[in-house]
Amino acid sequence: MPFTLATWNINSVRLREGLVQKLLGEETPDILCLQEIKTPIDKFPTEGFAAMGYRHLVARGQKGYNGVAILSKLPITDAGDSDYAALGHARHVAARLENGVVIHNFYVPAGGDIPDREENVKFGQKLDFLTDMRDAFRADRPQRAILVGDLNIAPREDDVWNHKALLKIVSHTPIEVQHLSDAQEAGAWVDVTRKDIPEGRLYSWWSYRAADWDAADKGRRLDHVWATPDIAGAAHGSRILRSARGWDQPSDHVPVFATFDL
DNA sequence: ATGGTCGTTGTACGA
């Protein structure tokens, strides 16, 4: 049975409950993975989503920061979480579908502004988080798994508006790209979005600070859909909903979709 | 070439 999955950094699910409902109503993904919900789970707005058929929720939250949620029309069970880099943040949660497929939803630390762990603790924490991801995938090679989320790294030259200009900007520095690549290789993860759309510039995030995000188009592909090799061949139809960046009171990220025939 | 905008919480900090 095919299912469509979307991942979206919502930047406060309570402020943007209406935008989530708009997405669910217009695009009807079977599963929606959210990051930066910025709320404890007891304050997650479940009722409206349930009324639209999204009755299943597996989530981790905290007050004000971070937080990840998997909202689903299909039955899912809680498959745990992790606390990579021992930050004590809600940055990962996993859910299992009835067919055994496990969905990992990640919010990798942004890493601050200075790309140097000596000068900026947050940058070191980001690298450590990615190293711990790598080690976890090495120790326990994932199978029949999907990994999505805001990984806060744009790995390819055509994942950013200007490769050369961003080489020293956090999210596109070589050391971050290498750490992400090491984590990806450790799990043999296939970049599903780039499997489906191998050529051309792709962005999923545009800064709030640009005067005209659409005209300037200084985007980055920070949000990803990966799958293990045993199910990556079942993935197709990847797309990025650029138009969501133009919605009223938007998130600075837009949803990324993929469909799996499993 | 620098500063630009959001969200949450509280008038600072993270992104």
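Note that the coordinates shown come from a computational prediction; the quantities given were computed from them, not determined experimentally.

The rules we used
Residues numbered from 1 in each chain as written. Chains lettered and ligands numbered in written order. Predicted model: local features only at pLDDT ≥ 70, side-chain atom pairs only at ≥ 80, totals over all residues. Heavy atoms only, no water. Near = heavy atom within 4 Å. Polar contact = N/O pair within 3.5 Å; in protein donor to acceptor, adjacent residues only side chain to side chain. Nonpolar A, V, L, I, M, F, W, Y, C, P; charged D, E, K, R; others polar. Pairing = 2+ DSSP bridges. Helix = DSSP H or I, 4+ residues; strand = E, 2+ residues; numbered from the N terminus. Contact = heavy atoms within 4.5 Å. Axes fitted to C-alpha atoms, helices over the stretch in contact; angles between N-to-C directions. Parallel < 35°, antiparallel > 145°, perpendicular 65-115°, else oblique. Left-handed = near helix turned anticlockwise from the far one by under 90°. Core = buried A, V, L, I, M, F, W, Y, C linked by side-chain atoms within 4.5 Å. Buried < 20%, exposed > 50% of the residue type's maximum accessible area, 1.4 Å probe, protein only. Salt bridge = Lys/Arg side-chain N within 4 Å of Asp/Glu carboxyl O. Expected span 1.5 Å × (residues − 1). Arc of directions from axis to C-beta.

### Topic: the protein's contact with DNA strand B
- DNA strand B sits among 16 residues. The nearest are Ser-12, Leu-15, Arg-16, Tyr-208 and Arg-209.
- For DNA strand B, the backbone portion of the atoms within 4 Å of the protein, that is sugar and phosphate, comes to 66%.
- Arg-16 places a side-chain nitrogen or oxygen 2.8 Å from a phosphate oxygen of DNA strand B.
- Note that a sugar or linking oxygen of DNA strand B is positioned 3.5 Å from one of the side-chain N or O atoms of Lys-122.
- Tallied by class, residues from the surface near DNA strand B come to five nonpolar, four polar and seven charged.

### A look at the sheet that holds strand β8 (residues 145-150)
- Across the sheet, six strands lie side by side as β5-β6-β7-β8-β12-β9; this open sheet has mixed pairing. At either end of the open sheet lies a strand with only one pairing partner, and these are β5 (76-78) and β9 (190-191).
- With two bridges connecting them, β9 and strand β12 (residues 223-227) associate as antiparallel partners. Looking at β12, one finds that Val-190 is bridged to Ala-227.
- Against the sheet, helix α3 (residues 121-139) engages β7 (102-107) and β8, with an angle of about 165° to β7.

### Remarks on the packing of α3 against helix α5 (residues 174-186)
- As a packed pair, α3 and α5 sit with axes 7 Å apart at the nearest point and diverge in direction by 15°. The angle between α3 and α5 falls in the class roughly parallel. The chirality of how α3 crosses α5 is left-handed. Taking contact as the criterion, the partners of Phe-123, Lys-126, Leu-127, Leu-130, Thr-131, Met-133, Arg-134, Phe-137 and Arg-138 in α3 are, on α5, Ile-175, Glu-176, His-179, Leu-180, Asp-182, Ala-183 and Ala-186.

### Side note on the nonpolar core
- One finds Trp-8, Leu-32, Leu-34, Ile-146 and Phe-260 to be the most contacted residues of the largest nonpolar core, which totals 52 residues.
- The residues touching Leu-34, leaving out its near neighbours within four places in the chain, are Trp-8, Ile-10, Val-13, Phe-44, Gly-67, Val-68, Ala-69 and Asn-105.
- Formed by 17 residues, the second largest nonpolar core is a distinct cluster that contains Leu-87, Ile-153, Ala-183 and Ala-186.

### Quick look at the pattern of salt bridges
- Tallied over the full model, the rule gives 15 salt bridges.
- The shortest N-O distance in the salt bridge between Arg-60 and Asp-81 comes to 2.4 Å. A residue pair is termed long-range when its members are at least 10 positions apart, and Arg-60 in strand β3 (residues 56-60) and Asp-81 in the loop between β5 and β6 (92-97) qualify at 21 residues.
- The salt bridge involving Arg-134 is made with Asp-135; its shortest N-O contact spans 2.9 Å.
- For Asp-135, a relative accessible area of 32% puts it in the partly exposed group.
- Each member of the salt-bridge network shares a partner with another, and the members are Arg-156, Asp-158, Asp-159, Asp-191, Arg-194 and Arg-221.

### Considering α5
- The terminal C-alpha atoms of α5, which comprises 13 residues, lie 18 Å apart, in line with the 18 Å expected from a rise of 1.5 Å per residue.
- Looking only at α5, the buried set comprises Glu-176, His-179, Leu-180, Ala-183 and Ala-186. Seen end-on, α5 carries its buried residues on one side only, within an arc spanning 130°. Exposed positions of α5 whose direction lies more than 90 degrees from the buried face are Pro-174 and Glu-185.
- Note on α5: the residue one or two positions beyond its end, Ala-188, has a positive phi of about 55°.

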